[in-house]
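Residue-level structural notes
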Amino acid sequence: MMGQIRKPIEEILSYLDGKKKIVIMGCGGCATIFHTGGIKQVKEMGEILRKEGKEVVEIGLPFAVFCCYLPMSSMMIERHIEDFKNCDAVLMMSCGDGLQTVRRYLESKNIFKPIYPSNNALGFFGEGPKEFIEKCLGCGECELGKTAGICPLTQCAKGLLNGPCGGTRENGKCEVDPEKDCAWYLIYKRLQETGEIEKIKRINEPHKWSKATRPRKLEVEPIDLHEKLKETKKVIESLGIK
Ligand code: SF4
Ligand code: SF4
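First, a word on what this report is: a plain description of the structure on this page. Numbering of residues begins from 1 in every chain and follows the order in which that chain's sequence is written. Both sets of labels track the order of writing: A upward for chains, 1 upward for ligands. Predicted model: local features are reported for residues with pLDDT of at least 70 only, side-chain atom pairs are reported and counted for 80 or more only, and whole-chain, interface and lining totals are derived from all residues.

Using a C-beta atom placed from the backbone, a residue is described as near a molecule or strand when that atom lies within 6 Å of it. Neighbouring ligand 1 are Cys-136, Leu-137, Gly-138, Cys-139, Cys-142, Glu-143, Leu-144, Cys-151, Leu-153 and Thr-154. Looking at the shell around ligand 1, its residues break down into seven nonpolar, two polar and one charged. Each residue gets one of three labels, nonpolar for Ala, Val, Leu, Ile, Met, Phe, Trp, Tyr, Cys and Pro, charged for Asp, Glu, Lys and Arg, and polar for the others, Gly among them.

Before going further, it helps to spend a moment on the sheet that holds strand 2 (residues 21-25). DSSP bridges decide pairing: two strands pair if at least two such bridges lie between them. By definition, any uninterrupted DSSP run of H or I lasting at least four residues is a helix, any uninterrupted run of E lasting at least two residues is a strand, and each is numbered from the N terminus. Overall, parallel pairing links the four strands, which are arranged 3-2-4-5 in an open sheet. The open sheet has two free edges, formed respectively by strand 3 (55-59) and strand 5 (115-117), since each of these has just one partner strand. Taking each pair of neighbouring strands and ignoring which way they run, the sheet shows an average axis angle of 25°. Looking at chain direction, strand 2 and strand 4 (residues 89-92) are connected through four bridges and run parallel. Each residue of the ladder has a partner; that of Ile-22, found in strand 4, is Ala-89. Think of it this way: build a C-beta for each residue from its backbone, and any pair within 7 Å is a contact. Here, axes are lines fitted to C-alpha atoms. For helices the fit covers the stretch in contact, and angles between N-to-C directions go from 0 to 180 degrees. Relative to strand 5, helix 6 (residues 96-108) is tilted by about 170°, and along the sheet it contacts strand 2, strand 4 and strand 5.

What follows concerns the sheet that holds strand 6 (residues 119-127). One open sheet holds the three strands; their spatial order is 1-6-7, and the pairing between them is antiparallel. With one partner strand each, in any of the chains shown, strand 1 (2-6) and strand 7 (132-136) form the two edges of the open sheet. The average undirected angle you get between the axes of adjacent strands in this sheet is 65°. As judged from the four bridges shared by strand 6 and strand 7, these two strands associate in the antiparallel manner. Bridge pairing in strand 7 places Glu-127 opposite Phe-132.

The periodicity of an α-helix, 3.6 residues per turn, causes residues three or four positions apart to be oriented the same way. What a helix should span is 1.5 Å times the count of its residues minus one. For helix 3 (residues 39-51), spanning 13 residues, the distance from its first C-alpha to its last is 19 Å, which sits close to the expected 18 Å at 1.5 Å a residue. Those residues of helix 3 that are buried are in contact with strand 2 and strand 3. Positive phi shows up at Gly-53, right after helix 3, with a value of about 85°.

A few words now on the pairing of strand 4. Where a strand is regular, its side chains alternate between the two sheet faces. The pairing of strand 4 with strand 5 spans three bridges and is parallel. From the neighbouring strand, Met-92 faces strand 5, where its bridge partner is Pro-117. Call a crossover right-handed when, viewed with both strands pointing away from you, the route from the first strand across the helix to the second goes clockwise. Of the crossover connections in this fold, the one passing from strand 4 over helix 6 to the parallel strand 5 is right-handed.

Written out as C-alpha cells, the structure is:
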C-alpha cells in the first residue's frame, strides 16, 4: 500500500489561505491505515479548519473504499457533487494518486476547483499493523526473481543489482546506514537458506529503467464490484467478524 505521512498543518493552512468553503475528502484505503485520511482524521481536520474560520464539508470514506478507485469513490463524490461545485477548494487527505484521480473525475464533470494534498506519499510499504517497511518502487521490471525475493532497489542504500558493494559492516549492517541491514547480506543469507547460493555468483544485467518512464498506463478488464463485495462479505463472515 502507499505509505504516507501528514504534511505539517502550517503547509496545509497556507494552501487554503483566502479560501472559505472547503471540502475535505479522505480515503478508506491506505490513508486510513496510515491515519492520514480516515474518517477520524477527516473530522479532526474539519475541527482545525473550522477554528481557522472555514466552512467545511467532511467526506470520510469507510474502510476499503479507496478514493483512487473511481467505481467506489465516485459514488461518494456524486453524493456530495453540489458541495464540490460550491466550494472554494478541496483538501484531499489521501496520497497523490487519490488526489489526481478525484481531480480528473471532477474535471470530467466540469468542476474545476483548486485541490490540495494534506499528505506526503512515500512509496509502497508492507507489513503492519504498526510497523511498515518500504518494499517496492514500482519500477516496472521486477528483479525479485534474481534477488531471493528481496528488492535491492528499495532495501539497498545504493540500489545495487549486483552486491554487496564492499562496504558491508562486519555485523551485516549497511555501510551507508549502520542501523539498516545490508540488503545484499540478507540476499546472501536467504539464498543460502533456500539452497540457491550459487546464484550469488551470477552477474545481473543492468536494470531496465526504461520500464519506469512516466506516466505509465494499465488497461484491465473491470472487476464486477458487486460480486467482489459479496466475496469480501463472505470472507469477513467466515472470520467471525459481524
Ligand atoms: S524490483 Fe522493482 S518491482 Fe520488484 S520489488 Fe523492487 S522496485 Fe518493486
Ligand atoms: S552495504 Fe549493502 S545495503 Fe548498504 S549500500 Fe552496500 S550493498 Fe547496499
